[in-house]
Each structure stands twice: as C-alpha cells, then as structure tokens.
Amino acid sequence: SQELEQSPQSLIVQEGKNLTINCTSSKTLYGLYWYKQKYGEGLIFLMMLQKGGEEKSHEKITAKLDEKKQQSSLHITASQPSHAGIYLCGAGYGGATNKLIFGTGTLLAVQP
Amino acid sequence: DAGITQSPRHKVTETGTPVTLRCHQTENHRYMYWYRQDPGHGLRLIHYSYGVKDTDKGEVSDGYSVSRSKTEDFLLTLESATSSQTSVYFCAISQGQGDEKLFFGSGTQLSVL
C-alpha cells in the first residue's frame, strides 16, 4: 500500500551509532504500530502510538507520533547488533474493521 | 508468545494446483488476518475475519479465498496457484475492541513452480 511510506528503505550503521527511521502516512492515523522482524521470522510488536505528540520508549528505542498524526519516527540510541532486522510501521485508520496497513519496511544492519 | 500456529511452514507446489494454508490460535481472539510479504511491497493484507463465518477482503484478495468455521482456525486457500503467489504468508490475530495490536505467526514460505 502506498498509504504508508517508510524511509530509508535500508540502513547500515556502525555499532554504537544512533539512527532514525521514519513512517509517513498520506492521511490521519488512528493508531501507529512499530514492529520488528528478524530474517525468516514473524513480526514482533514494539510499540503503539495513538495520540498526537505521544512518545514511548523501550530500552534504547523511542517512537514518536507527530501532532498531526501523519508521521512517526523510530529512534535507536547506541545501536547494537541485536537491533538488526526489518522495522515495519503499521497504521490503523479507524472504523470497525480493525485492520492494519503496513509500510514497506526498513532493513537495518548494524556493523560491529 | 501468542499461541499462533501456521501450517505448513514450507510448501512447494505446481502452478494450477489448489493450496490451503492453516492458521490456528489458542488465544480466543476475535480478529484473524492473512498477509503476504514480498520484497519491495512489505506486508499486504489478503483477507481478514472479524468473527466466525465473518470475513472480508484486503488489498490483494484476487486469487485467494478464506474460511473461518471456528474461532481458532482461519484457512487461506489458493484455488489454482500461480507463480505470482510465491511469497511468505503470515497469519495474525488481534483482540479488536479498539486495540489493533497484531500478534503474528512464524509464517509459511510458499513456492509455486
């Protein structure tokens, strides 16, 4: 779906460096979800943001949803090899259907 | 981990043959989903279910059908598999009621030759 755009598509960073992944929606988000996927595995839920301006952190990962609820960023501080994988944002656009649309993903590699 | 089991985990089949993938959950969640994941496209929703015998189409439903006769099982059927349906298929579940957080299965790698 082109409703959600992620950038960059791929990213290589040195261990210890900070990085940011962006997720932009073409319309107002009802909820924004971040997932991580390791190669050959299913998706693991990271965080959910629902309110404009909301920010959540878990260990060294911080996610924010902007005030207009059309963009989210995922920031990793002091990256580690364990952070490597594919990060996907998923968006709910409200209604009674409870379905999520996903972005195309960002492939992160962390070099030791 | 959420109790979601996908079967089979891997399958190789020939063009034109029917294929059924199974998703089984032990969480009693109301919503179940089938996604496919392809390079450059991310995850795309095929079909979803919001209750027993209640299903609806997603973004890429052509060539696929689904059935949900029990809360715990959601089947995805490719009536006549094509090479374009070679993909990794993921099942997901959610509680609903305003919480769209999905829990995913481990995926099924399907190759159509």
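That block above? That's the structure.
Quantities reported herein were computed from a predicted structural model and do not represent experimental measurements.

Asks: Sorry, what's going on with the environment of Ser-94 of chain B here?
Replies: Residues and elements named next belong to chain B. Relative to the helices and strands, Ser-94 is located in strand E9 (residues 87-94). Separated by 64 residues in sequence, Ser-94 and Arg-30 have C-alpha atoms that sit 6.7 Å apart. Among the polar contacts listed, one links the side chain of Ser-94 to the side chain of Tyr-33, at a separation of 2.9 Å.

Asks: What exactly am I supposed to notice about the nonpolar core here?
Replies: Leu-19, Leu-32, Trp-34, Leu-74, Tyr-87 and Leu-108 of chain A are the most contacted members of the largest nonpolar core, which has 22 residues in total. The next biggest cluster of nonpolar side chains, apart from the first, holds 18 residues, and it includes Val-19, Met-32, Phe-74 and Cys-91 of chain B.

Asks: So what exactly am I meant to see when it comes to the sheet that holds strand E3 (residues 19-25) of chain B here?
Replies: Two pairing modes exist for strands in a sheet, parallel and antiparallel, and in both the strands are linked by backbone hydrogen bonds. All names here are of chain B. With respect to topology, four strands assemble into an open sheet ordered E1-E3-E8-E7, the strand pairing being antiparallel. Each end of this open sheet is capped by a strand with a single partner; those strands are strand E1 (4-7) and strand E7 (64-70). On average, each strand axis in the sheet is tilted by 15° relative to the strand beside it, whichever way the strands run. Here five bridges tie E7 to strand E8 (residues 73-78), and the two strands are oriented antiparallel to one another. Across the sheet, Val-66 pairs through a bridge with Leu-76, a residue of E8.

Asks: Looking at this structure, how should I read the sheet that holds strand E1 (residues 4-7) of chain A?
Replies: Residue and element names in this part refer to chain A. The strand order E1-E3-E8-E7-E6 describes an open sheet built from five strands, whose pairing is antiparallel. Where the open sheet ends on each side, the last strands, each with one partner, are E1 and strand E6 (55-58). Between one strand and the next, the sheet's axes are offset by a mean angle of 15°, whatever the strand orientation.

Asks: Got a minute to help me understand the interface of chain B and chain A in this structure?
Replies: For an interface, size is often stated in terms of accessible area lost upon the parts coming together. In this complex, chain B contributes 26 residues to the contact, which on the side of chain A involves 23 residues. Summing the contributions of chain B and of chain A, the shared interface buries around 1900 Å²; its carbon and sulfur component is 51%. Our count for the chain B to chain A interface comes out at zero salt bridges. Seen at the junction of chain B and chain A, the total is three residue pairs in polar contact (both at pLDDT 80 or more). For the side of chain B that touches chain A, the secondary-structure elements that each account for two or more residues are strand E4 (31-38), strand E5 (42-51) and E9 of chain B.

Reading the values: rules and limits
- Residues numbered from 1 in each chain as written.
- Chains lettered and ligands numbered in written order.
- Predicted model: local features only at pLDDT ≥ 70, side-chain atom pairs only at ≥ 80, totals over all residues.
- Heavy atoms only, no water.
- Helix = DSSP H or I, 4+ residues; strand = E, 2+ residues; numbered from the N terminus.
- Polar contact = N/O pair within 3.5 Å; in protein donor to acceptor, adjacent residues only side chain to side chain.
- Core = buried A, V, L, I, M, F, W, Y, C linked by side-chain atoms within 4.5 Å.
- Buried < 20%, exposed > 50% of the residue type's maximum accessible area, 1.4 Å probe, protein only.
- Pairing = 2+ DSSP bridges.
- Axes fitted to C-alpha atoms, helices over the stretch in contact; angles between N-to-C directions.
- Contact = heavy atoms within 4.5 Å.
- Buried area = accessible area lost by both parts, 1.4 Å probe.
- Salt bridge = Lys/Arg side-chain N within 4 Å of Asp/Glu carboxyl O.

Scope: geometric values only; no functional claims are made or implied.
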